[in-house]
Amino acid sequence: MSAAPVICVDGPSGAGKGTVSLRLAAALGWHLLDSGALYRVVGFACRQAGVSLDDSDAVAGVARALDVDFRPTDAGVTVWLSGDDVTSAIRSEEGGADASLVAALEPVRAALLLRQQELARLPGLIADGRDMGTVVFPDAPLKIFLTASAEARAERRFHQLQGLGESVSLARLLTDIEQRDARDQSRSISPLVPAEDAIVIDSTALTADEVLQAACELAKSRKLMS
Ligand code: C5P
């Protein structure tokens, strides 16, 4: 594995991993891996190709052949599949549900493992996901597990979707989040659990600035940031 340092940011959906990861990557000038986007793209590519999401070998074939590209912009990273910008298409609620289904398939995780590890390049990588610290980068010098109550996460998602002009019910979002948590935590392969050496940050009562500050302090204490 590469000698580039990795900061892992794992945790459940809606805890704020994406925001803190993007801002940490900008502050440090490091690369960014949004591993959830990889699983989302696999689900999306399967739907496009008419591949059933419970056919694990066929889905793994799609994952292996994936022509995906992440391009940084001022507003965040855009995701391209075979030359098409699929950033907003994969961000839907359905996209998240499909990602969670394909992510439970062992051959799919195996197909994506090396692809993720190869992104650990100098000067360093911020890796956002569920199993960054437990499976993909077990030797990372800093592992953060960012969590928040399911209610707080549902409310954040509710406001985000409202901002996008999508009408959804808060109760429905909370049920979806709880179902996805249960599936992510209980799957036999790479379940969503903090690594033994992860530092847990609970963002329920914190602003995005406060989460970033806590993460920067941890990075400084590990001599990853000056
Ligand atoms: O982070 P995001 O919500 O985009 O992830 C979508 C889904 O992909 C998660 O609910 C989870 O099931 C799966 N995932 C995963 N391992 C990762 C990242 C995401 O299983 N490292």
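Scroll up to find the structure this text is about.
Please read these numbers as outputs of a predicted model, since none were measured by experiment.

Enquirer: Explain the site of the ligand here, please?
Expert: Around the ligand there are 16 residues in total, and R40, R109, R180, D184 and R187 lie nearest to it. Within the side chain of R109, a nitrogen or oxygen atom sits 2.8 Å from an oxygen atom of the ligand. Within the complex, 95% of the 460 Å² of free accessible area of the ligand lies under protein. Within the residue set of the shell around the ligand, elements represented by two or more residues are α2 (35-49), α5 (93-102) and α9 (170-186). Top contributing element to the shell around the ligand by residue count: α2, with four residues.

Enquirer: Even after reading the chapter, I still don't get the pattern of salt bridges, so can you show me in this structure?
Expert: Note on pairing: side chains with opposite charge can pair once their charged atoms come close. What the rule picks out here adds up to 11 salt bridges. Look at the salt bridges and you will find they share partners, linking R130, D184 and R187 into a network.

Enquirer: What am I meant to see in helix α8 (residues 150-163) here?
Expert: Every α-helix winds through 3.6 residues per turn, so residues three or four apart in the chain are directed the same way. An ideal rise of 1.5 Å per residue puts 20 Å on 14 residues; α8 measures up with 20 Å between its terminal C-alpha atoms. Inspection of α8 places A150, A152, R153, A154, R157, F158 and L161 among the buried residues, and these make up the whole buried set. Buried residues along α8 sit against α5 and α9.

Enquirer: Help me understand empty space enclosed by the protein, please; the structure alone is not making it clear to me.
Expert: Sizing a probe to match a water molecule and rolling it over the atoms shows the empty space that remains. The final tally for this structure, using the stated rule, is one cavity of 30 Å³ or more. One number sums up the size of the largest cavity: a volume of about 40 Å³. Mapped onto the lining of the largest cavity, the elements with two or more residues apiece are α7 (132-136) and β7 (142-147). Examining the composition of the lining of the largest cavity, we find that three residues originate from one element, β7, more than from any other. Residue composition of the lining of the largest cavity, by class: six nonpolar, two polar and four charged.

Enquirer: Which parts of the structure should I look at to understand the sheet that holds strand β8 (residues 199-202)?
Expert: Sheet strands line up and pair through hydrogen bonds in the backbone, either parallel or antiparallel. As summarised here, the arrangement of the five strands in space is β2-β6-β1-β7-β8, forming an open sheet in which the pairing is parallel. Every other strand in the sheet has two partners, leaving β2 (31-34) and β8 as the edge strands with one partner each. Across the sheet, the axes of successive neighbouring strands diverge by a mean angle of 20°, strand direction being ignored. Where strand β1 (residues 6-10) and β7 come together, four bridges link them in parallel fashion. Residue pairing for β7: D10 is matched across the bridge by F145. Sheet strands touched by helix α1 (residues 17-28): β1, β2, β6 (125-129) and β7. Its angle to β6, the strand with the most contacts, is close to 175°.

Enquirer: Would you explain the packing of α8 against α9 in this entry?
Expert: When two helices pack together, their arrangement is given by the angle between the helix axes and the distance between those axes. Interhelical geometry of α8 versus α9 gives an angle of 125° and a closest axis separation of 9 Å. It follows from the interaxial angle that α8 and α9 lie oblique. In the crossing of α8 with α9, the sense of the turn from one axis to the other is right-handed. Judged by residue contacts, A150, E151, R153, A154, E155, R157, F158 and L161 of α8 engage L170, L173, L174, I177, E178 and D181 from α9. For the contact of α8 with α9, the residue count by class is eight nonpolar, no polar and six charged.

Enquirer: Sorry, what's going on with the nonpolar core here?
Expert: Where a protein is soluble and globular, its nonpolar side chains tend to be buried together. Within the largest apolar cluster, 35 residues are counted, with the highest numbers of intra-cluster contacts made by V6, V42, L66, V108 and F137. Elements with a minimum of two residues in this core: β1, α2, α3 (56-65), β4 (76-81), α5, α6 (106-117), β6 and α7. Here the element with the most residues in this core is α2; it accounts for seven residues. Contact partners of V108, with chain neighbours within four places excluded, come to Y39, V42, S56, V59, A60, A63 and V102.

Enquirer: What exactly am I supposed to notice about the layout of surface pockets here?
Expert: Taken as a whole, the second largest pocket encloses approximately 540 Å³ of empty space. If you trace the second largest pocket, you find 23 residues lining it, with H31, L32, F70, P72 and V77 closest to the centre. Counting only elements with at least two residues in the lining of the second largest pocket, the list comes to α1, β2, β3 (68-73) and β4. If one sorts the elements of the lining of the second largest pocket by residue count, β3 sits on top with six residues. For the lining of the second largest pocket, the residue count by class is 14 nonpolar, three polar and six charged.

What counts, and at which threshold
- Residues numbered from 1 in each chain as written.
- Predicted model: local features only at pLDDT ≥ 70, side-chain atom pairs only at ≥ 80, totals over all residues.
- Heavy atoms only, no water.
- Near = heavy atom within 4 Å.
- Polar contact = N/O pair within 3.5 Å; in protein donor to acceptor, adjacent residues only side chain to side chain.
- Areas by Shrake-Rupley, 256 points an atom, 1.4 Å probe, with all protein chains shown as cover.
- Helix = DSSP H or I, 4+ residues; strand = E, 2+ residues; numbered from the N terminus.
- Salt bridge = Lys/Arg side-chain N within 4 Å of Asp/Glu carboxyl O.
- Expected span 1.5 Å × (residues − 1).
- Buried < 20%, exposed > 50% of the residue type's maximum accessible area, 1.4 Å probe, protein only.
- Contact = heavy atoms within 4.5 Å.
- 1 Å grid on protein atoms, 1.4 Å probe; cavity = no way out; pocket = protein on both sides within 12 Å on 5 of 7 lines; lining within 4 Å.
- Points joined across faces, edges and corners; volume = space filled by probe spheres on them.
- Nonpolar A, V, L, I, M, F, W, Y, C, P; charged D, E, K, R; others polar.
- Pairing = 2+ DSSP bridges.
- Axes fitted to C-alpha atoms, helices over the stretch in contact; angles between N-to-C directions.
- Parallel < 35°, antiparallel > 145°, perpendicular 65-115°, else oblique.
- Left-handed = near helix turned anticlockwise from the far one by under 90°.
- Core = buried A, V, L, I, M, F, W, Y, C linked by side-chain atoms within 4.5 Å.

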